[in-house]
Amino acid sequence: MNANDRTPADLLRSALAADPARPLVTYYDDATGERVELSVATFANWVAKTANLLQGDLAAEPGDRLALLLPAHWQTAVWLLACSSVGVVADVGGDPAGADLVVSGPDTLDAARACSGERVALALRPLGGRFPQTPDGFADYAVEVPSQGDRFAPYAPVDPDGPALAVGGAELTGAEVVARALDDAAGLGLAAGARLLSGRPYDSWDGLSAGLYAPLASGGSVVLCRHLDRAPEGALEKRVEAERVTVTVR
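Numbering of residues begins from 1 in every chain and follows the order in which that chain's sequence is written. Per-residue local features are limited, in this predicted model, to residues with pLDDT of at least 70; the limit for side-chain atom pairs, both in listing and counting, is 80 or more; totals at the level of whole chains, interfaces and linings are taken over all residues. The side-chain figures draw on all heavy atoms in the structure; neither hydrogens nor water molecules are used.

**Student:** How do you make sense of unusual backbone geometry when you look at a structure like this?
**Tutor:** We note that Ala59 has phi near 55°; this positive angle belongs to a residue other than glycine. Segments assigned H or I by DSSP are reported as helices when at least four residues long, segments assigned E as strands when at least two residues long, and all are numbered from the N terminus. Note on placement: Ala59 falls in the loop between α2 (40-57) and β3 (65-69). Here the phi dihedral of Leu124 falls at roughly 55°; this positive angle occurs in a residue that is not glycine. With respect to the secondary-structure elements, Leu124 resides in the loop between β6 (118-121) and β7 (139-140).

Below you can see the structure in the form of structure tokens.
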């Protein structure tokens, strides 16, 4: 990061300027055998497309509240940074009935229908695949996002002191997310080039920080593992070695 980084989106821009080719998010799902690796540049491209979808097609504005009903997943990380880019509050696990729009995985569609605003559904299939049939009342993210622009510019500047993230009963501004991520990175001993393996879910600050924000703030990267409890015996140790992991949290 640099001294001018005040929001998570700023952190991503700094990472892109410093080394776009390095890995940023490596995702494993031990229930499906999926592995996806995204460089800073690839991740930033997904964020730009998603932010354009959010700001353009979904007409989201700074201060709007988005109920994010997704598990720890690389596409969830993309949505978190897209929300930060637009100035939308990412309410992780939030109540869809009180949100301006909702983003849902395949297991929370019924709950997501309580949202009276725009609804987006993610199949969470390998390689970002679409639903075989789009759920009624939802836009399929995998259908809508590919045609979006590769560069993003917000219609209005994002206020770093405005609300940015809600999780676990706490609400943080963009500046607070950056400050806490930096503190956590220091506490974990993360530095530029560090590889943090996290098996924590995205339902708490600790999970979000380890699984995205702290590695991003420190110039490191994350190996994000879902369903780690289903990994075969010895798989974690092999993964730590193969991915050159320097810090592990579970």
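Next, the rest of the story.
**Student:** I would appreciate a short explanation of the pairing of strand β9 (residues 170-173) in the present structure.
**Tutor:** Look at any regular strand and the pattern is simple: side chains alternate between the two faces of the sheet. When DSSP finds two or more bridges between two strands, those strands count as paired. Note: strand β8 (residues 163-167) against β9, 4 bridges, orientation antiparallel. In the sheet register, Val167 faces β9, and the bridge partner there is Ala170. Taken together, β8 and the strand that follows it, β9, pair antiparallel across an intervening segment of 2 residues, in which Gly168 is found at a positive phi of about 60°.

**Student:** Please clarify how the pattern of salt bridges should be interpreted in this entry.
**Tutor:** Two side chains that carry opposite charge are able to pair once their charged atoms sit near each other. The term salt bridge refers to a side-chain nitrogen of Lys or Arg lying within 4 Å of a carboxyl oxygen of Asp or Glu. Going through the model one piece at a time under the given rule, you end up with 11 salt bridges. Between Glu171 and Arg65 there is a salt bridge; the shortest N-O distance is 2.7 Å. Remark: Arg65 occurs in strand β3 and Glu171 occurs in strand β9; sequence separation between them is 106 residues. The exposure class of Glu171 is partly exposed, given its relative accessible area of 42%. Exposure classes here rest on a 1.4 Å probe applied to the protein chains alone. A residue is buried below 20% of its type maximum, exposed above 50%, and partly exposed in between.

**Student:** Help me understand the packing of aromatic side chains, please; the structure alone is not making it clear to me.
**Tutor:** The description of two aromatic rings rests on the distance between their centres and on the angle between their planes. Each aromatic pair joins two rings of Phe, Tyr and Trp (for Trp, the six-membered one) with centres within 6.5 Å, and gets the label stacked for planes under 30 degrees apart, edge-to-face for over 60, and tilted for any other angle. Going through the model one piece at a time under the given rule, you end up with 4 aromatic pairs. The interplanar angle of 80° and the centroid separation of 4.9 Å between the aromatic rings of Trp46 and Trp74 together place this pair among those described as edge-to-face. With Trp46 in helix α2 and Trp74 in helix α3 (residues 74-86), this pair connects stretches of sequence that are 28 residues apart. By relative accessible area, Trp74 is classed as buried at 3%. Consider the rings of Trp79 and Tyr141, whose centres lie 5.5 Å apart with planes at 50°: the pair is tilted. With Trp79 in helix α3 and Tyr141 in helix α5 (residues 141-144), this pair connects stretches of sequence that are 62 residues apart. A relative accessible area of 1% means that Tyr141 is categorised as buried. In textbook terms, an aromatic cluster arises when at least three aromatic residues are bridged by ring pairs, as seen for Trp46, Trp74, Trp79 and Tyr141. Geometrically, a lysine NZ or arginine CZ counts as sitting over a ring once it is within 6 Å of the ring centre and also within 35 degrees of the ring normal. The ring of Phe138 has Arg119 lying over it, and the distance from NZ or CZ to the ring centre is 6.0 Å. Above the face of the Tyr28 ring, Arg239 is positioned so that its terminal group lies 3.9 Å from the ring centre.

**Student:** I tried to follow helix α7 (residues 205-218) on my own but got confused; where do I start?
**Tutor:** At 3.6 residues per turn, the α-helix brings residues three or four places apart onto the same side. By this rule, a helix spans an expected 1.5 Å times one less than how many residues it contains. For α7, spanning 14 residues, the distance from its first C-alpha to its last is only 17 Å, which falls clearly below the expected 20 Å at 1.5 Å a residue. Taking the largest bend as the criterion, α7 deviates by roughly 40°, centred on Gly211, and proline Pro215 comes between one and four positions later. Within α7, 13 of the 14 residues are buried, which leaves it mostly tucked inside the rest of the structure. A positive backbone phi angle near 80° is found at Gly219, which sits one or two residues after α7. What the bend at a residue measures is the angle between two axes, fitted to the seven residues ending there and to the seven starting there.

**Student:** In this structure, what is going on with the sheet that holds strand β1 (residues 23-29)? I would like to understand it.
**Tutor:** The strands making up a sheet associate through hydrogen bonds between their backbones, and the pairing can be parallel or antiparallel. Strands sit in the order β2-β1-β11-β10-β12 across an open sheet of 5 strands; the sheet is mixed. The open sheet has two edge strands, β2 (34-39) and β12 (247-249), and neither has a second partner. Sheet twist, expressed as the mean angle between neighbouring strand axes with direction ignored, is 15°. In this sheet, β2 lies alongside β1 in antiparallel orientation, the contact comprising 6 bridges. By the bridge assignment, Asp29 is partnered in β2 with Glu34. Between two residues, a contact is recorded if the distance between any of their heavy atoms is within 4.5 Å. In this description, a line fitted to the C-alpha atoms serves as the axis of each element, helices being fitted only across the stretch in contact, and the angle between N-to-C directions of two axes falls anywhere from 0 to 180 degrees. In the packing of α2 onto the sheet, contacts are made with β1 and β2, and the angle to β2 comes to roughly 90°.

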